[in-house]
Amino acid sequence: MECNVTTNPNVSRNYRDEERTCYIAQLQLYSTYTMIPAIIYLVALCVAGVIGNSIVLFVYSQRFRSTASGTFIMAIAVFDLLANIILIPGDIHSIFHYWNFDMVYPCKLRRYGHAVTHGASSLFLVALAVTRYRKICKPFCNQVTVKQARIICIGLTLLAMAMPILYFIILGIQKKKIPNQDFFGYVCNVDDKFNGTALHKINTILMECNVSTNPNVSKNYTEEERTCYLAHLQLYSTYTMIPAIIFLGVLYIVGIIGNSIVLFVYSQRFRSTASGTFIMAIAVFDLMANLVLIPGDIHSMFHHWDFDMVYPCKLRLYGHAVTYAASSLFLVALAVTRSYLINTAVNPIVYSFCDVKFRMECLRHFKRINCH
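None of these values were measured; they are calculated from a predicted model.

1. A few points about the overall build of the protein
Helix and strand counts for the protein come out as 13 helices and 2 strands. Of all 372 residues assigned to the protein, the portion counted as buried reaches 30%. Nonlocal contacts in the protein, meaning residues at least 24 apart in sequence, comprise 66% of its contacts between residues at least 6 apart. With the model as given, the accessible surface of the protein reaches about 24500 Å², and the carbon-plus-sulfur share is 68%.

Right under this line is the structure:
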């Protein structure tokens, strides 16, 4: 309001430094207001992390004897505490300077610190999982000693520090176009002098694709570049979905075996009943979901960004809706056929516990038991 800057994108003029600074300050104020929930969330994480990781370090260092698992847990707590004390406050500071961040080395150190702490914590978790696996599944084999655990921690720390070195090099200050204006602000991201270079491509998952990730650069991409970009993006998405794919694979196997057994037993070994009919109907629809729909879900995860088959999409989603609805309705019907069993729980309440004399007699009886 106090800045003499037009917001009409069709009007171009040369602005003074004071006008640019004023406009960016107002834009930053608006951005900060919209990020208040994120700031509160980060502050809560910071406070909880400092308290929790400090307690972990105190207890494991003072109250427990040294073990390999304890060593890995303390190493995780150390890196998490560093993130809580240094990196999260740095993130909060960057939110307050999103449009006018012009400090190169704080930018490099903060983003590099995030990469190191997250990488180290992930590696320590893997080492902890392997150590516990050996203790539980191979208790008579050689176990990881405390000395070995400390050496592993040092090695994994060096690995976590070495992996993002290239990331540290290419980070810096990047120009970001101000909305509806013809001048730029500055953000902490890949430095403009490295954007689109070989270092940038090697550092990113798009290393084989000649596609710029700078939002200020616009070009017409070829079909090969688009296909390459989507393929790498899909590869990254698939890696992040590996736990979900494993979960669906387990459901697929267990569901086929379980529902097949249910159908065989109820059709060959039991006499026909209303309850058995509903149970078999549920098993039929669940088996259809296991055989057809779950593989379709897994296939869709491998084609999240390039799924262009209309009717398989329609049929898969429609099949999920049908099987869920049918199974739910059959469960309701099964519950209705077994509704007489409700009496076994309701009768004592209605015919006994609602009677005052009965309650008093129960009370006297329990008092007599307590006295003995």
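2. Remarks on the side chain of Asn290
Note on placement: Asn290 falls in helix H10 (residues 274-301). Within the structure, Asn290 has its side chain in polar contact with the side chain of Asn259 (distance 3.1 Å).

3. Considering the environment of Gly319
Tracing the chain through its elements places Gly319 in helix H11 (residues 310-337). Judged by its relative accessible area of 14%, Gly319 falls in the buried class. The spacing of Gly319 and Ala289 is 30 residues in sequence and 7.7 Å in space, taken between C-alpha atoms.

4. What to know about the packing of helix H3 (residues 68-96) against helix H4 (residues 104-137)
As a packed pair, H3 and H4 sit with axes 9 Å apart at the nearest point and diverge in direction by 160 degrees. The orientation of H3 relative to H4 falls into the category roughly antiparallel. Classified by chirality, the crossing of H4 by H3 is left-handed.

5. Examining a nonpolar patch on the surface
Together, Leu29, Tyr33, Ile36 and Ile40 line one region of the surface with nonpolar side chains, adding up to about 420 Å² of accessible area. Sorting the residues of the nonpolar patch by element identifies helix H1 (17-34) and helix H2 (36-62) as the ones contributing at least two each. Tracing the backbone through its elements, the reader meets Ile36 in helix H2.

Here is what the cut-offs are and how they apply
Residues numbered from 1 in each chain as written. Predicted model: local features only at pLDDT ≥ 70, side-chain atom pairs only at ≥ 80, totals over all residues. Heavy atoms only, no water. Helix = DSSP H or I, 4+ residues; strand = E, 2+ residues; numbered from the N terminus. Buried < 20%, exposed > 50% of the residue type's maximum accessible area, 1.4 Å probe, protein only. Contact = heavy atoms within 4.5 Å. Areas by Shrake-Rupley, 256 points an atom, 1.4 Å probe, with all protein chains shown as cover. Polar contact = N/O pair within 3.5 Å; in protein donor to acceptor, adjacent residues only side chain to side chain. Axes fitted to C-alpha atoms, helices over the stretch in contact; angles between N-to-C directions. Parallel < 35°, antiparallel > 145°, perpendicular 65-115°, else oblique. Left-handed = near helix turned anticlockwise from the far one by under 90°. Patch = residues over 30% accessible without salt bridge, like charges linked within 9 Å, V, L, I, M, F, W, Y side chains within 5 Å. Salt bridge = Lys/Arg side-chain N within 4 Å of Asp/Glu carboxyl O.

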